[in-house]
Amino acid sequence: MNNRQRAGILTAIIGLIALIALLNASTSASIINWPMEAYLGTVFTIGWLSGVPDWLAYILAIVVFVVVIGIGYKLGSWLYGLVRG
């Protein structure tokens with residue numbers, strides 16, 4: 001594993017934590033419960049706004065989190081390559 005991959009993984013983790021914190025900014029849940037609250041809130045929002053079946057809303061919420069991780073990884077590795085040039 002090289003430094004570019006490490007930077008991508010670190011940025012992906014920071015992006016995921018930022019998304020979870022953003023989605024839980026106004027809840028009174030403990031920090032340990034934040035990931036599940038963020039996931040279930042995303043499921044509810046997708047299901048409510050689009051009217052898709054429940055099983056599809058759960059899958060789409062997983063896709064949203066995977067896309068955030070992927071974008072964070074690509075952004076971090078690209079920025080590291082840009083800085084190290």
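Refer to the structure presented above.
Starting from 1, residues in each chain are numbered consecutively following that chain's sequence as written. In view of the model being predicted, local features appear only for residues whose pLDDT reaches at least 70, and side-chain atom pairs are presented and counted only at 80 or more, with totals across whole chains, interfaces and linings using the full set of residues. With hydrogens and water stripped out, all remaining heavy atoms of the structure feed into the side-chain values.

Asker: Would you mind going over helix α2 (residues 34-50) with me for this structure?
Answerer: Three- or four-residue spacings in an α-helix give side chains the same orientation, since the helix completes a turn every 3.6 residues. Under the DSSP-based scheme used, a helix requires at least four consecutive residues in state H or I and a strand at least two consecutive residues in state E, with every element numbered from the N terminus. One less than the number of residues in a helix, times 1.5 Å, gives the span that helix is expected to have. For α2, built from 17 residues, the straight-helix expectation of 24 Å at 1.5 Å per residue is met to within 8% by its first-to-last C-alpha distance of 24 Å. The complete set of buried residues in α2 reads A38, Y39, T42, V43 and I46. Along α2, the residues classed as buried sweep out an arc of 135 degrees about the axis, all on the same side. Exposed residues lying more than 90 degrees from the buried face of α2 are F44 and W48. Contacts: residue pairs with any heavy atoms within 4.5 Å of one another. Buried-residue contacts for α2 involve α1 (3-23) and α3 (54-84). A positive backbone phi angle near 75 degrees is found at G51, which sits one or two residues after α2. Each residue's exposure class comes from its accessible area (1.4 Å probe, protein chains only) as a fraction of the maximum for that residue type: buried when under 20%, exposed when over 50%, partly exposed otherwise. Note that the arc is computed from the directions linking the helix axis to the C-beta atoms.

Asker: How should I be thinking about α3 in this particular structure?
Answerer: The first and last C-alpha atoms of α3 sit 45 Å apart over 31 residues, in line with the 45 Å expected at 1.5 Å per residue. Listing the buried residues of α3 in full gives A57, A61, F65, G72, G76 and S77. In this structure, the buried residues of α3 make contact with α1 and α2. Within two residues after α3, G85 carries a phi angle of roughly 40 degrees, on the positive side.

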